[in-house]
Structures are given as C-alpha cells and as structure tokens.
Amino acid sequence: MLDLRKLRYFLTVAEELHFGRAALRLHLAQPPLTRQISALETELGFKLFDRTSRTVTLTAQGRAFLPYARSVLEQVELAQVIAGKLAAGTAGQLTLGYVSSIALSDLFSRAIQAFAQRFPDVQLTLVECASGGLGAQVADGRLDIGLSRLLPKSTDVQVLSLGEERLVAAVSSDSPLASQATVSLAQLSTYPLILFPADYGSGLNQSIEQLFRHHGHPLRPGPTGRQITSIIALVAAGQGVALVPDCTQSLMNRGVTYKPMQEVDACAQLLVLTPASARSVLADAFLGVLEQSLHTR
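Keep in mind it's a predicted model, so treat the numbers as computed, not measured. (Residues numbered from 1 in each chain as written. Predicted model: local features only at pLDDT ≥ 70, side-chain atom pairs only at ≥ 80, totals over all residues. Heavy atoms only, no water.)

### Describing the overall build of the protein
Of the regular secondary structure elements, the protein holds 10 helices and 11 strands. Taken over C-alpha atoms, the radius of gyration comes to 31 Å for the protein, far larger than the 19 Å a tight globule of 297 residues would show. The proportion of buried residues among the 297 residues of the protein is 43%. Once local pairs closer than 6 in sequence are excluded, the contacts in the protein between residues at least 24 apart make up 73%. In the structure as shown, the protein presents an accessible area of about 15200 Å², 53% of it carried by carbon and sulfur atoms. (Helix = DSSP H or I, 4+ residues; strand = E, 2+ residues; numbered from the N terminus. Rg over C-alpha atoms; globule rule 2.2 N^0.38 Å. Buried < 20%, exposed > 50% of the residue type's maximum accessible area, 1.4 Å probe, protein only. Contact = heavy atoms within 4.5 Å. Areas by Shrake-Rupley, 256 points an atom, 1.4 Å probe, with all protein chains shown as cover.)

Set out below in structure tokens:
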C-alpha cells in the first residue's frame, strides 16, 4: 500500500518543480525529501522526475501518475471531513416517515426545508406511510422519526405531541353545505363520509370515528381513498363529504369548498414518534428544527 505521506511529498514537488522550495513548504530539509521521493519511485517501479543541476521536470510516467495521486489525497481529505461531520452529528442518513395529511402542513415543509439547509451533508430519506404502520417501523429501526396522527401500540416508541390541528369539512361546492358559514357533525352524518380504507391504519380515521361516537352521531361510510388528495378528488366528484385537517385547504381543488366545524373538539393529533431506547444525534437535530419551526408559525 502506498504511503500517503510520500504521495503528498510527490504532489508538492510536482507543483513546485523544485526540491528546495518543496522542502520549505513541507517544513523538511531537502535530503530527507529527496530520500522519500526516491523510496516512492522504488515502490512504484518508475522514475517520477528528471533532475538536472538546474531543472526538475516530471517524467512521462510521473505526469500520468499525477492525477491519480491527487485523487487519492483528495478522497482522503474528504473522508476526514466527513468523519468529522459524522462525529459532530452534522452528516449521515436520517429516514423520516410521515402520513399524507401531515405532508400538506406548513410545519412539515418548513421543518424539512430548514433541516436540509442546516445539514446539507445529511441524506434525508422521506417515506410516506399509514399511521398504523409508523410505530412499528420506528420501533424496529426502519424509520428514525415518524410523524403520525395515531398513538403507537409498541412500548418501544417514544411519543411527543406537537399539539392538535383543527378539522374542517370538505364538501362539494354545489352542496347546500357549501353556502353555510359553519358545518356540524349532525349535518355531515346525513352524507356519505369519505375516509381512508379500514385496513389502512389511519390515525385520522380513528380521530373522526371517535369524534362521531363522542357526539352521538352516526357515521355513514362512503367511498375510500388511500391518499388525502384522492379523498378530496372524491368530494369534488360529489361522492360524499370528508373531515380533513385544516392544512388540506392548500389543495384548492375546483369543486370543493372547505367549511369550519361547529364542534370545538373537531381536531386531529400531530405526533412525533422516535425510538424509546437510543435516539440518533441526527434525530435529535431534526426534533430541534421541528420545534423551532413550530414556534415560528
């Protein structure tokens, strides 16, 4: 294996084309530098420099070898920089799971953008999941962090609440409900309610079902959609109504009107899930960015 120190000596001499000046740059006496270059030439099996009493020039083999030597040292320097950043927790990989309705919130986009700007050397992988599967994926290490609306079943997951988000009614623009200032659960109960599929593990479904039960109103199931965008598209098509987080209003679909709910407890949770045992430095960093984003709304 080539000695990295000798490669540095070679590059310095190649840049200066003068052993004396190169020795000064390297803080060496000239004879030891000359011996190191000779030793490197012996290892390589060819001469690197042609020397006279007045000039130093690269041989043909030396010129051909130069970019490879430079590349090796550049990679070593890069590895040292990355190692330092990994040790400081400013580089590496972070996998973030999220549910589709949270991805529409300003908090989500602000936190992702701020984290990417603050930690440009971190590879951030975003994975969309159903709330029901987020907890298990955080617990077994597939996700470093999960943004969910559903409390996990696993005790290996730590839960941090970021508060609640108001639910609004999404109704067809030609529905009588669209002309009202507010909408009640009693009124929504007379329409098919568009939800995520029952087997999807949606935390939003759970919040909505609990809300209807708490207020004693029947829930009339309608069509289902696996994405919040699909649910809104079904509302626009006149297939029913939906209860969605307030941030969904950013989906300004033609034919859909959003109305505030009369019930003050019509809300959905916003939860952050992390491993209960060992949270990574990068996960802590993301939580810090998330908290700052929460306070700068």
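The rest of the description comes next.
### Points about the packing of helix α5 (residues 106–118) against helix α10 (residues 281–295)
Running from N to C, α5 and α10 cross one another at 130 degrees; their axes reach a closest spacing of 9 Å. On the basis of their axis angle, the class for α5 and α10 is oblique. For the element pair α5 and α10, the recorded crossing hand is right-handed. Residue-level inspection shows Leu107, Arg110, Ala111, Ile112, Ala114, Phe115 and Arg118 of α5 in contact with α10, the latter providing Leu282, Ala285, Phe286, Val289, Leu290, Gln292, Ser293 and Leu294. (Axes fitted to C-alpha atoms, helices over the stretch in contact; angles between N-to-C directions. Parallel < 35°, antiparallel > 145°, perpendicular 65-115°, else oblique. Left-handed = near helix turned anticlockwise from the far one by under 90°.)

### Details of the UniProt feature "domain: HTH lysR-type" (unreviewed entry) in the protein
UniProt records the feature "domain: HTH lysR-type" (unreviewed entry) at residues 2–59, using the numbering of this structure. Annotated as residues 2–59, this span is 62% helix and 10% strand, and its ends, taken at the C-alpha atoms, are 19 Å apart. (UniProt positions renumbered as here; feature names shortened; annotations may be inferred.)

### Examining the pattern of salt bridges
A side chain with one charge may pair with a side chain of the opposite charge, provided their charged atoms come close. Tallying each qualifying case throughout the model produces eight salt bridges. With its nearest N and O atoms 3.9 Å apart, the salt bridge here joins Asp199 to Arg226. Note that Asp199 is positioned in the loop between β7 (193–195) and α8 (203–215) and Arg226 in the loop between β8 (221–224) and α9 (228–236), a separation of 27 residues in sequence. Of the residues examined, Arg226 reaches a relative accessible area of 45% and is grouped as partly exposed. (Salt bridge = Lys/Arg side-chain N within 4 Å of Asp/Glu carboxyl O.)

### So, α8
At 3.6 residues per turn, the α-helix brings residues three or four places apart onto the same side. Helix length check: α8, at 13 residues, gives a terminal C-alpha distance of 19 Å against a target of 18 Å (1.5 Å per residue), a fit within 8%. Every buried residue belonging to α8 is among Gly203, Leu204, Asn205, Ser207, Ile208, Leu211 and Phe212, and all of these are buried. Between a side-chain oxygen at the N-terminus of α8 and the backbone nitrogen of Leu204 the separation is 3.1 Å; the capping residue is Ser202. Trailing α8 by a residue or two, Gly216 shows a phi angle of about 70 degrees, which is positive. (Expected span 1.5 Å × (residues − 1). Polar contact = N/O pair within 3.5 Å; in protein donor to acceptor, adjacent residues only side chain to side chain.)

### Brief notes about the pairing of β8
Both β7 and β8 contribute to a ladder of two bridges, which runs parallel. Each bridged residue has a counterpart across the sheet, and for Leu195 the counterpart in β8 is Thr224. You can see the chain leave β7, run along α8 and come back into β8, and the turn it takes is right-handed. (Pairing = 2+ DSSP bridges. Right-handed = clockwise from strand over helix to strand, strands pointing away.)

### What to know about the packing of aromatic side chains
Counted by the stated rule, this structure contains eight aromatic pairs. Here Phe10 and Phe65 contribute two aromatic rings whose centre-to-centre distance is 5.7 Å and whose plane-to-plane angle is 40 degrees, an arrangement assigned as tilted. Linking Phe10 in helix α1 (residues 4–16) with Phe65 in helix α4 (residues 60–88), this pair joins segments that are 55 residues apart in sequence. A single burial state applies to Phe10 and to Phe65, both of which are buried. Each member of the aromatic cluster is reached from another via a ring pair, and the members are Phe10, Phe19, Phe46, Phe49 and Phe65. If you follow Arg51 out to its NZ or CZ, it ends over the ring of Phe19, 3.9 Å from the centre. (Phe/Tyr/Trp six-rings, centres within 6.5 Å; stacked < 30°, edge-to-face > 60°. Lys NZ or Arg CZ within 6 Å of the ring centre and 35° of its normal.)

### Let's talk about unusual backbone geometry
The residue Leu17 is not glycine, and still its phi comes out positive at about 50 degrees. Mapped onto the secondary structure, Leu17 falls in the loop between α1 and α2 (19–26).

### Focus on helix α6 (residues 131–139)
Along α6, the positions that sit buried rather than exposed are Ser131, Leu134, Gly135, Gln137 and Val138. Among the residues trailing α6, Gly141 stands out with phi positive, at a value near 90 degrees.

### Regarding the side chain of Gln137
Within the element layout of this structure, Gln137 appears in helix α6. Residue contacts for Gln137: discarding those within four places in its chain leaves Cys129, Arg142 and Leu143.

### Let's talk about the environment of Ala266
Mapped onto the fold, Ala266 is located in the loop between β10 (256–260) and β11 (267–275). Setting aside chain neighbours within four positions, we find Ala266 in contact with Glu165, Arg166, Leu167, Leu211 and Met261.

### Re the packing of α1 against α2
Close contact between α1 and α2 brings their axes to 8 Å; oriented N to C, the two are set at 130 degrees. Between α1 and α2, the crossing angle belongs to the class labelled oblique. By crossing handedness, the relation of α1 to α2 is classed as right-handed. Taking contact as the criterion, the partners of Tyr9, Thr12, Val13, Glu15 and Glu16 in α1 are, on α2, Phe19, Arg21, Ala22, Arg25 and Leu26. Of the residues assigned to the contact of α1 with α2, the class counts are five nonpolar, one polar and four charged. (Nonpolar A, V, L, I, M, F, W, Y, C, P; charged D, E, K, R; others polar.)

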